[in-house]
Amino acid sequence: MTTETAPLALYVHWPFCVSKCPYCDFNSHVRESVDQAAWRTAMLADLAHEAAELPGRRLGSIFFGGGTPSLMPPETVAAVIEAAERHWGFEPGIEITLEANPSSVEAARFADIASAGVNRVSLGLQALDDDALRFLGRAHGVDEGLAALDTAQRAFDRVSFDLIYARPDQSLADWEAELTRALSFGTEHLSLYQLTIEPGTRFATLFEKGELKAYDPDAAADLFEATRAITRAAGLPAYEVSNHARPGAESRHNLTYWRYSDYAGVGPGAHGRRGGMATVRHKKPENWLSALGRNGHGMEREDPLDRHDRGVEALVMGLRLAEGVDLARIPDAPLDLKALALLETQGLVRRAGARLVVTDAGMPVLEAILRELVLA
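Summary of the structure given here. The model shown is predicted, which means the values in this text are computed figures rather than measured ones.

Parameters and conventions
- Sequence order sets the numbering: in each chain, residues are counted from 1 along the sequence as written.
- Local features in this predicted model are restricted to residues of pLDDT 70 or higher, and side-chain atom pairs are both shown and tallied only at a pLDDT of 80 or more, whereas totals for entire chains, interfaces and linings draw on every residue.
- Hydrogen atoms and water are omitted, and side-chain values are computed over all heavy atoms in the structure.
- Runs of E in the DSSP output that reach at least two residues are strands. Runs of H or I that reach at least four are helices, and both are numbered from the N terminus.
- Note that the radius of gyration is over C-alpha atoms, with the globule rule given as 2.2 Å times the number of residues to the power 0.38.
- Relative accessible area decides the class of each residue, using a 1.4 Å probe on protein chains only: under 20% of the type maximum gives buried, over 50% gives exposed, and in between gives partly exposed.
- Whether two residues are in contact is decided by their heavy atoms: any pair within 4.5 Å suffices.
- All accessible areas in this document rest on Shrake-Rupley with a 1.4 Å probe, and a residue is counted as covered only by the protein chains that are shown.
- Counted as positive: Lys and Arg. Counted as negative: Asp and Glu. His and the chain ends are not counted at all.
- To locate a charge, take NZ of a lysine, CZ of an arginine, CG of an aspartate or CD of a glutamate.
- What a helix should span is 1.5 Å times the count of its residues minus one.
- Within this document, salt bridges are pairs made up of a side-chain nitrogen of Lys or Arg and a carboxyl oxygen of Asp or Glu, the two lying within 4 Å of each other.
- Only when DSSP finds a minimum of two bridges between them are two strands counted as paired.
- The aromatic pairing rule takes the rings of Phe, Tyr and Trp, using the six-membered ring of Trp, and pairs them if the centres are within 6.5 Å, calling planes under 30 degrees apart stacked, those over 60 edge-to-face and the rest tilted.
- Fitting a line to C-alpha atoms yields each axis, with helices limited to the stretch in contact; the angle taken between N-to-C directions then spans 0 to 180 degrees.
- Crossing handedness: left-handed means the near helix sits turned counterclockwise from the far one by under a right angle, and right-handed means the same turn made clockwise.
- Charged means Asp, Glu, Lys or Arg here, nonpolar means Ala, Val, Leu, Ile, Met, Phe, Trp, Tyr, Cys or Pro, and polar covers whatever is left, Gly included.
- Nonpolar core, defined: a set of buried Ala, Val, Leu, Ile, Met, Phe, Trp, Tyr and Cys residues in which side-chain atoms within 4.5 Å join the residues together.

1. Details of the overall build of the protein
Next up, step 1: A count of helical and extended segments in the protein gives 14 helices and 15 strands.
Next up, step 2: In terms of overall size, the protein behaves like a compact globule, its C-alpha atoms giving a radius of gyration of 21 Å where 376 residues would be expected to give roughly 21 Å.
Next up, step 3: Dimensions along the principal axes, computed over C-alpha positions, put the protein at roughly 55 × 50 × 45 Å.
Next up, step 4: The burial tally for the protein puts 52% of its 376 residues in the buried class.
Next up, step 5: Sequence-distant contacts in the protein: of pairs separated by 6 or more residues, those separated by 24 or more amount to 71%.
Next up, step 6: If you sum the accessible surface of the protein, you get close to 16,500 Å²; carbon and sulfur atoms cover 51% of it.
Next up, step 7: Where the 38 positive side-chain charges of the protein centre and where its 53 negative ones centre are 3 Å apart.

2. Here's the deal with helix 6 (residues 142-155)
Next up, step 1: Compared with an ideal rise of 1.5 Å per residue, which puts 14 residues at 20 Å, helix 6 spans 20 Å between its outermost C-alpha atoms and is within 8% of the ideal.
Next up, step 2: If you follow the buried residues of helix 6, they end up packed against helix 3 (104-107), helix 4 (110-115), strand 4 (120-126), helix 5 (130-135), strand 5 (158-165) and helix 7 (172-183).

3. A word on the pattern of salt bridges
Next up, step 1: Per the counting criterion, the structure on display carries 23 salt bridges.
Next up, step 2: A salt bridge links Arg232 to Asp360, with the nearest nitrogen and oxygen atoms 3.7 Å apart. Of the two residues, Arg232 is situated in helix 9 (residues 217-233) and Asp360 in the loop between strand 15 (355-358) and helix 14 (366-373); the sequence distance between them amounts to 128 residues.
Next up, step 3: Using a relative accessible area of 44% as the deciding quantity, one classes Arg232 as partly exposed.

4. Here we look at the sheet that holds strand 15
Next up, step 1: An order of 13-15-14 is seen for the three strands of this open sheet, with the pairing classed as antiparallel. Strands at the two margins of the open sheet, each flanked by one partner only, are strand 13 (325-326) and strand 14 (349-352).

5. Notes on the packing of aromatic side chains
Next up, step 1: Tallied over the full model, the rule gives 11 aromatic pairs.
Next up, step 2: Between Trp14 and Phe16, the aromatic rings sit 5.4 Å apart at their centres with planes inclined by 80°, giving edge-to-face as the arrangement. Residues Trp14 and Phe16 agree in their burial class; the two are buried.
Next up, step 3: Taken together, a centroid distance of 6.1 Å and an interplanar angle of 65° make the contact between Tyr239 and Trp258 edge-to-face. Here Tyr239, found in strand 7 (residues 238-240), pairs with Trp258, found in helix 10 (residues 252-258); they are 19 residues apart in sequence, far enough to count as distant.
Next up, step 4: Residue Tyr239 is classed as buried on the basis of its relative accessible area, which comes to 9%.

6. Details of the pairing of strand 9 (residues 263-266)
Next up, step 1: Of the two faces of strand 9, both are covered, the one formed by Tyr263 and Gly265 as well as the one formed by Ala264 and Val266.
Next up, step 2: In this structure, strand 1 (residues 8-14) lies alongside strand 9, joined through four bridges in parallel fashion. Note on strand 9: the bridge partner recorded for Tyr11 is Gly265.

7. Comments concerning the packing of helix 1 (residues 36-53) against helix 11 (residues 285-295)
Next up, step 1: For the pair helix 1 and helix 11, interaxial distance at closest approach is 10 Å and the crossing angle is 65°. You can see that helix 1 and helix 11 cross each other, and the crossing is left-handed. Here helix 1 contributes Trp39, Ala42, Met43, Ala45 and Asp46 to the contact with helix 11, which in turn contributes Pro285, Trp288, Leu289 and Leu292.
Next up, step 2: By residue class, the composition of the contact of helix 1 with helix 11 is eight nonpolar, no polar and one charged.

8. Some points on the nonpolar core
Next up, step 1: Among the nonpolar cores identified, the biggest contains 95 residues, and Leu10, Leu59, Ile62, Phe64, Trp88 and Leu373 are the most heavily contacted of them.
Next up, step 2: Of all the elements, helix 2 (residues 74-88) adds the most residues to this core, at seven residues.
Next up, step 3: Excluding residues that lie within four positions of it along the chain, Leu373 makes contacts with Leu319, Pro334, Leu335, Asp336, Ala339, Leu340, Leu343 and Leu356.

Right, here's the structure in full:
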(Lines give C-alpha, C1' and ligand atoms only; values in the text may rest on other atoms or scores of the structure.)
Protein backbone atom coordinates (compact mmCIF):
# COMPACT_ATOMS: atom_id res chain seq x y z
CA MET A 1 0.00 0.00 0.00
CA THR A 2 2.95 2.29 0.49
CA THR A 3 6.28 2.35 -1.25
CA GLU A 4 9.63 3.52 -0.01
CA THR A 5 10.31 5.29 -3.30
CA ALA A 6 7.24 7.55 -3.44
CA PRO A 7 7.71 11.20 -2.42
CA LEU A 8 7.34 11.74 1.31
CA ALA A 9 5.05 14.32 2.95
CA LEU A 10 6.04 16.27 6.07
CA TYR A 11 3.50 17.64 8.56
CA VAL A 12 4.69 20.29 11.05
CA HIS A 13 2.33 21.10 13.95
CA TRP A 14 2.40 24.54 15.57
CA PRO A 15 0.09 24.19 18.59
CA PHE A 16 -0.55 27.79 19.63
CA CYS A 17 -3.57 30.02 19.00
CA VAL A 18 -4.58 33.47 20.17
CA SER A 19 -7.89 32.00 21.40
CA LYS A 20 -9.72 28.67 21.27
CA CYS A 21 -12.66 28.52 18.88
CA PRO A 22 -15.78 26.91 20.38
CA TYR A 23 -16.11 24.31 17.59
CA CYS A 24 -12.43 23.29 17.51
CA ASP A 25 -11.20 19.92 18.78
CA PHE A 26 -7.74 20.23 17.23
CA ASN A 27 -4.58 20.16 19.33
CA SER A 28 -4.45 23.91 19.91
CA HIS A 29 -3.43 25.80 23.03
CA VAL A 30 -3.46 29.38 24.29
CA ARG A 31 -0.33 30.57 26.10
CA GLU A 32 0.53 34.04 27.37
CA SER A 33 4.03 33.81 25.92
CA VAL A 34 6.06 31.46 23.75
CA ASP A 35 9.86 31.22 23.82
CA GLN A 36 10.29 31.38 20.07
CA ALA A 37 14.00 30.54 20.04
CA ALA A 38 13.45 27.46 22.21
CA TRP A 39 10.57 26.32 20.03
CA ARG A 40 12.56 26.74 16.86
CA THR A 41 15.39 24.66 18.32
CA ALA A 42 12.94 21.98 19.47
CA MET A 43 11.18 21.78 16.10
CA LEU A 44 14.49 21.32 14.32
CA ALA A 45 15.53 18.58 16.76
CA ASP A 46 12.25 16.69 16.30
CA LEU A 47 12.62 17.05 12.55
CA ALA A 48 16.18 15.72 12.60
CA HIS A 49 15.08 12.64 14.55
CA GLU A 50 12.30 11.87 12.06
CA ALA A 51 14.65 12.38 9.12
CA ALA A 52 17.05 9.82 10.61
CA GLU A 53 14.18 7.32 10.73
CA LEU A 54 13.29 7.94 7.07
CA PRO A 55 16.59 8.12 5.16
CA GLY A 56 16.86 8.20 1.41
CA ARG A 57 13.48 9.84 0.76
CA ARG A 58 12.58 13.08 -0.99
CA LEU A 59 9.82 15.44 0.05
CA GLY A 60 6.90 16.14 -2.23
CA SER A 61 5.07 18.40 0.22
CA ILE A 62 5.31 20.18 3.58
CA PHE A 63 2.26 21.30 5.54
CA PHE A 64 2.41 23.67 8.52
CA GLY A 65 -0.78 23.03 10.50
CA GLY A 66 -2.09 23.89 13.92
CA GLY A 67 -3.01 25.68 15.98
CA THR A 68 -2.22 28.80 14.06
CA PRO A 69 1.02 28.41 12.10
CA SER A 70 0.79 31.97 10.78
CA LEU A 71 1.77 32.99 14.32
CA MET A 72 5.16 31.34 13.74
CA PRO A 73 7.98 33.80 13.16
CA PRO A 74 8.91 33.69 9.45
CA GLU A 75 12.49 32.85 10.45
CA THR A 76 11.21 29.68 12.15
CA VAL A 77 9.27 28.72 9.04
CA ALA A 78 12.40 29.30 6.95
CA ALA A 79 14.57 27.28 9.34
CA VAL A 80 12.22 24.29 9.20
CA ILE A 81 12.03 24.39 5.39
CA GLU A 82 15.81 24.69 5.06
CA ALA A 83 16.37 21.79 7.47
CA ALA A 84 13.81 19.63 5.69
CA GLU A 85 15.54 20.20 2.36
CA ARG A 86 18.92 19.45 3.90
CA HIS A 87 17.72 16.19 5.46
CA TRP A 88 15.68 14.85 2.57
CA GLY A 89 15.91 16.95 -0.55
CA PHE A 90 12.90 18.28 -2.45
CA GLU A 91 11.00 16.95 -5.41
CA PRO A 92 10.74 19.49 -8.25
CA GLY A 93 7.79 21.80 -7.65
CA ILE A 94 7.38 20.84 -3.99
CA GLU A 95 4.13 22.08 -2.43
CA ILE A 96 4.70 23.96 0.86
CA THR A 97 1.45 24.96 2.59
CA LEU A 98 0.85 27.03 5.72
CA GLU A 99 -2.49 27.44 7.48
CA ALA A 100 -3.24 31.04 8.41
CA ASN A 101 -5.84 33.09 10.21
CA PRO A 102 -7.11 35.98 8.09
CA SER A 103 -6.25 38.76 10.53
CA SER A 104 -4.50 41.97 9.55
CA VAL A 105 -1.66 41.20 11.98
CA GLU A 106 -0.95 37.81 10.42
CA ALA A 107 -1.53 39.04 6.85
CA ALA A 108 1.29 41.54 7.44
CA ARG A 109 3.63 38.52 7.68
CA PHE A 110 2.53 36.89 4.43
CA ALA A 111 5.26 38.39 2.26
CA ASP A 112 7.95 37.25 4.71
CA ILE A 113 6.38 33.78 4.97
CA ALA A 114 6.37 33.52 1.18
CA SER A 115 10.03 34.59 1.14
CA ALA A 116 10.72 31.79 3.64
CA GLY A 117 9.63 29.26 0.98
CA VAL A 118 5.88 28.79 1.52
CA ASN A 119 4.10 28.68 -1.85
CA ARG A 120 0.56 27.79 -0.79
CA VAL A 121 -1.60 29.20 2.01
CA SER A 122 -4.84 27.90 3.49
CA LEU A 123 -6.90 30.67 5.11
CA GLY A 124 -9.42 30.02 7.87
CA LEU A 125 -12.07 32.49 6.69
CA GLN A 126 -14.83 30.14 8.00
CA ALA A 127 -17.74 32.43 7.07
CA LEU A 128 -18.63 35.48 4.99
CA ASP A 129 -21.10 36.81 7.54
CA ASP A 130 -20.11 38.85 10.60
CA ASP A 131 -22.80 37.37 12.86
CA ALA A 132 -21.68 33.88 11.90
CA LEU A 133 -18.04 34.73 12.60
CA ARG A 134 -18.97 35.95 16.07
CA PHE A 135 -20.96 32.75 16.66
CA LEU A 136 -17.92 30.70 15.57
CA GLY A 137 -15.67 32.61 17.97
CA ARG A 138 -13.52 34.08 15.23
CA ALA A 139 -11.45 37.17 15.98
CA HIS A 140 -11.77 38.65 12.48
CA GLY A 141 -14.68 40.20 10.63
CA VAL A 142 -15.61 39.74 6.99
CA ASP A 143 -13.84 42.88 5.75
CA GLU A 144 -10.63 42.02 7.58
CA GLY A 145 -10.79 38.45 6.31
CA LEU A 146 -11.28 39.49 2.69
CA ALA A 147 -8.44 42.00 2.96
CA ALA A 148 -6.21 39.15 4.20
CA LEU A 149 -7.39 37.00 1.29
CA ASP A 150 -6.40 39.75 -1.14
CA THR A 151 -2.98 40.01 0.52
CA ALA A 152 -2.56 36.23 0.33
CA GLN A 153 -3.45 36.12 -3.36
CA ARG A 154 -0.71 38.66 -4.05
CA ALA A 155 1.89 36.93 -1.84
CA PHE A 156 1.43 33.23 -2.68
CA ASP A 157 1.28 31.20 -5.87
CA ARG A 158 -1.63 29.10 -4.57
CA VAL A 159 -4.44 30.00 -2.16
CA SER A 160 -7.22 28.00 -0.52
CA PHE A 161 -9.70 28.97 2.16
CA ASP A 162 -12.10 27.24 4.52
CA LEU A 163 -15.79 27.83 5.13
CA ILE A 164 -18.08 26.19 7.69
CA TYR A 165 -21.72 25.66 6.73
CA ALA A 166 -24.81 24.01 8.22
CA ARG A 167 -24.66 26.59 10.96
CA PRO A 168 -27.76 26.97 13.17
CA ASP A 169 -30.59 28.76 11.35
CA GLN A 170 -28.62 28.91 8.07
CA SER A 171 -31.00 28.33 5.16
CA LEU A 172 -30.20 26.67 1.86
CA ALA A 173 -30.60 30.04 0.11
CA ASP A 174 -28.22 31.68 2.62
CA TRP A 175 -25.54 29.07 1.98
CA GLU A 176 -25.96 29.14 -1.79
CA ALA A 177 -25.45 32.92 -1.77
CA GLU A 178 -22.42 32.68 0.54
CA LEU A 179 -20.81 29.93 -1.50
CA THR A 180 -21.43 31.77 -4.77
CA ARG A 181 -19.73 34.82 -3.30
CA ALA A 182 -16.81 32.67 -2.10
CA LEU A 183 -16.34 31.30 -5.61
CA SER A 184 -16.20 34.81 -7.04
CA PHE A 185 -12.82 35.47 -5.39
CA GLY A 186 -11.05 33.17 -7.84
CA THR A 187 -9.11 30.85 -5.54
CA GLU A 188 -8.15 27.46 -6.91
CA HIS A 189 -9.25 25.44 -3.88
CA LEU A 190 -11.98 25.54 -1.23
CA SER A 191 -12.39 23.41 1.91
CA LEU A 192 -16.09 23.37 2.84
CA TYR A 193 -17.01 21.69 6.11
CA GLN A 194 -20.33 21.05 7.76
CA LEU A 195 -20.39 22.27 11.35
CA THR A 196 -20.13 19.30 13.70
CA ILE A 197 -20.37 19.29 17.47
CA GLU A 198 -17.17 17.64 18.66
CA PRO A 199 -16.73 16.17 22.17
CA GLY A 200 -14.78 18.34 24.57
CA THR A 201 -15.51 21.61 22.76
CA ARG A 202 -17.41 24.65 24.01
CA PHE A 203 -20.15 23.87 21.49
CA ALA A 204 -20.51 20.38 22.96
CA THR A 205 -21.07 21.91 26.40
CA LEU A 206 -23.71 24.28 25.01
CA PHE A 207 -25.37 21.40 23.15
CA GLU A 208 -25.55 19.31 26.31
CA LYS A 209 -27.18 22.26 28.12
CA GLY A 210 -29.74 22.65 25.37
CA GLU A 211 -28.33 26.05 24.43
CA LEU A 212 -27.18 24.98 20.95
CA LYS A 213 -29.16 22.90 18.50
CA ALA A 214 -27.73 20.51 15.94
CA TYR A 215 -28.54 21.08 12.29
CA ASP A 216 -31.30 18.89 10.89
CA PRO A 217 -29.63 15.95 9.06
CA ASP A 218 -32.00 16.10 6.06
CA ALA A 219 -31.44 19.84 5.66
CA ALA A 220 -27.69 19.30 6.00
CA ALA A 221 -27.85 16.72 3.19
CA ASP A 222 -29.55 19.31 0.99
CA LEU A 223 -26.73 21.77 1.69
CA PHE A 224 -24.14 19.09 0.93
CA GLU A 225 -25.72 18.30 -2.44
CA ALA A 226 -26.03 22.00 -3.30
CA THR A 227 -22.38 22.52 -2.39
CA ARG A 228 -21.23 19.84 -4.79
CA ALA A 229 -23.48 21.08 -7.60
CA ILE A 230 -22.43 24.73 -7.26
CA THR A 231 -18.71 24.02 -7.03
CA ARG A 232 -18.86 21.58 -9.95
CA ALA A 233 -20.61 24.18 -12.10
CA ALA A 234 -17.93 26.71 -11.14
CA GLY A 235 -15.10 24.39 -12.22
CA LEU A 236 -14.02 23.34 -8.71
CA PRO A 237 -15.52 19.86 -8.36
CA ALA A 238 -15.28 17.88 -5.13
CA TYR A 239 -12.24 15.62 -5.23
CA GLU A 240 -12.76 14.63 -1.58
CA VAL A 241 -15.79 14.78 0.70
CA SER A 242 -15.14 18.36 1.83
CA ASN A 243 -12.48 19.60 -0.59
CA HIS A 244 -13.03 21.20 -3.97
CA ALA A 245 -10.44 22.30 -6.52
CA ARG A 246 -9.78 23.18 -10.09
CA PRO A 247 -8.31 20.08 -11.79
CA GLY A 248 -4.60 20.01 -10.97
CA ALA A 249 -4.98 22.31 -7.96
CA GLU A 250 -5.78 19.62 -5.39
CA SER A 251 -3.82 19.66 -2.14
CA ARG A 252 -0.96 17.31 -2.94
CA HIS A 253 -0.11 17.03 0.75
CA ASN A 254 -3.58 15.91 1.78
CA LEU A 255 -3.72 13.52 -1.16
CA THR A 256 -0.73 11.77 0.43
CA TYR A 257 -2.91 11.02 3.46
CA TRP A 258 -5.97 9.99 1.49
CA ARG A 259 -3.94 7.79 -0.88
CA TYR A 260 -2.28 6.24 2.17
CA SER A 261 1.34 6.99 1.39
CA ASP A 262 4.06 7.68 3.95
CA TYR A 263 4.19 10.97 5.83
CA ALA A 264 6.32 12.23 8.68
CA GLY A 265 4.78 14.23 11.51
CA VAL A 266 6.71 16.51 13.87
CA GLY A 267 5.60 18.90 16.58
CA PRO A 268 3.14 18.43 19.48
CA GLY A 269 0.48 15.83 18.78
CA ALA A 270 1.63 15.20 15.22
CA HIS A 271 0.84 11.81 13.71
CA GLY A 272 2.85 10.03 11.05
CA ARG A 273 2.85 6.85 8.98
CA ARG A 274 6.15 5.34 7.92
CA GLY A 275 6.97 1.85 6.80
CA GLY A 276 3.91 0.26 8.40
CA MET A 277 4.42 2.17 11.66
CA ALA A 278 2.06 4.70 13.23
CA THR A 279 3.88 7.48 15.07
CA VAL A 280 2.34 9.84 17.63
CA ARG A 281 4.04 12.82 19.28
CA HIS A 282 3.21 14.04 22.79
CA LYS A 283 0.14 16.26 22.53
CA LYS A 284 0.58 18.88 25.24
CA PRO A 285 3.28 21.41 24.26
CA GLU A 286 5.06 21.23 27.60
CA ASN A 287 5.12 17.42 27.55
CA TRP A 288 6.49 17.44 24.00
CA LEU A 289 9.27 19.83 25.03
CA SER A 290 10.10 17.70 28.07
CA ALA A 291 10.31 14.56 25.92
CA LEU A 292 12.67 16.34 23.56
CA GLY A 293 14.89 17.26 26.49
CA ARG A 294 14.96 13.64 27.69
CA ASN A 295 15.04 11.74 24.42
CA GLY A 296 16.00 14.12 21.64
CA HIS A 297 12.54 13.76 20.05
CA GLY A 298 8.90 14.36 20.93
CA MET A 299 7.66 10.81 20.26
CA GLU A 300 5.06 9.36 22.59
CA ARG A 301 4.32 6.10 20.72
CA GLU A 302 5.37 4.06 17.73
CA ASP A 303 2.80 1.39 16.97
CA PRO A 304 3.33 -1.29 14.31
CA LEU A 305 0.34 -1.73 12.01
CA ASP A 306 -0.41 -5.20 10.70
CA ARG A 307 -1.78 -5.84 7.21
CA HIS A 308 -5.39 -5.72 8.43
CA ASP A 309 -4.89 -2.38 10.22
CA ARG A 310 -3.24 -0.87 7.16
CA GLY A 311 -6.02 -2.17 4.96
CA VAL A 312 -8.66 -0.58 7.17
CA GLU A 313 -6.85 2.75 7.18
CA ALA A 314 -6.30 2.71 3.42
CA LEU A 315 -10.00 2.08 2.79
CA VAL A 316 -11.29 4.60 5.32
CA MET A 317 -9.00 7.30 3.92
CA GLY A 318 -9.20 6.44 0.23
CA LEU A 319 -12.96 6.10 -0.05
CA ARG A 320 -13.24 9.78 0.87
CA LEU A 321 -11.82 10.57 -2.56
CA ALA A 322 -13.83 10.94 -5.76
CA GLU A 323 -11.25 8.66 -7.39
CA GLY A 324 -11.84 5.97 -4.75
CA VAL A 325 -9.25 3.31 -3.92
CA ASP A 326 -7.21 0.89 -6.00
CA LEU A 327 -7.91 -2.47 -4.36
CA ALA A 328 -4.82 -3.92 -6.09
CA ARG A 329 -2.78 -1.84 -3.59
CA ILE A 330 -4.62 -3.36 -0.61
CA PRO A 331 -3.85 -7.08 -0.29
CA ASP A 332 -6.72 -8.95 1.34
CA ALA A 333 -8.78 -5.75 1.59
CA PRO A 334 -10.90 -6.03 4.76
CA LEU A 335 -14.26 -5.63 3.03
CA ASP A 336 -17.61 -7.14 3.97
CA LEU A 337 -18.44 -8.66 0.56
CA LYS A 338 -22.16 -9.07 1.34
CA ALA A 339 -22.37 -5.40 2.33
CA LEU A 340 -20.40 -4.47 -0.80
CA ALA A 341 -22.85 -6.31 -3.05
CA LEU A 342 -25.83 -4.66 -1.36
CA LEU A 343 -24.30 -1.18 -1.53
CA GLU A 344 -23.60 -1.72 -5.23
CA THR A 345 -27.22 -2.64 -5.94
CA GLN A 346 -28.29 0.49 -4.03
CA GLY A 347 -26.03 2.61 -6.23
CA LEU A 348 -23.96 3.86 -3.28
CA VAL A 349 -20.65 2.32 -4.41
CA ARG A 350 -19.36 1.03 -7.72
CA ARG A 351 -16.43 -1.03 -8.93
CA ALA A 352 -14.45 -0.30 -12.08
CA GLY A 353 -11.87 -3.02 -12.48
CA ALA A 354 -9.75 -2.99 -9.32
CA ARG A 355 -11.00 0.45 -8.29
CA LEU A 356 -13.75 0.90 -5.68
CA VAL A 357 -15.55 4.25 -5.61
CA VAL A 358 -18.26 5.77 -3.44
CA THR A 359 -20.79 7.34 -5.82
CA ASP A 360 -22.24 10.83 -5.62
CA ALA A 361 -25.34 9.27 -4.08
CA GLY A 362 -23.19 7.56 -1.46
CA MET A 363 -21.02 10.50 -0.41
CA PRO A 364 -23.65 12.14 1.85
CA VAL A 365 -23.81 8.90 3.88
CA LEU A 366 -20.11 8.01 3.64
CA GLU A 367 -19.67 7.37 7.37
CA ALA A 368 -22.55 4.88 7.39
CA ILE A 369 -21.13 3.17 4.29
CA LEU A 370 -17.72 2.81 5.93
CA ARG A 371 -19.27 1.29 9.05
CA GLU A 372 -21.05 -1.34 6.96
CA LEU A 373 -18.36 -2.00 4.39
CA VAL A 374 -15.02 -2.01 6.21
CA LEU A 375 -14.22 -4.89 8.57
CA ALA A 376 -12.53 -2.90 11.34
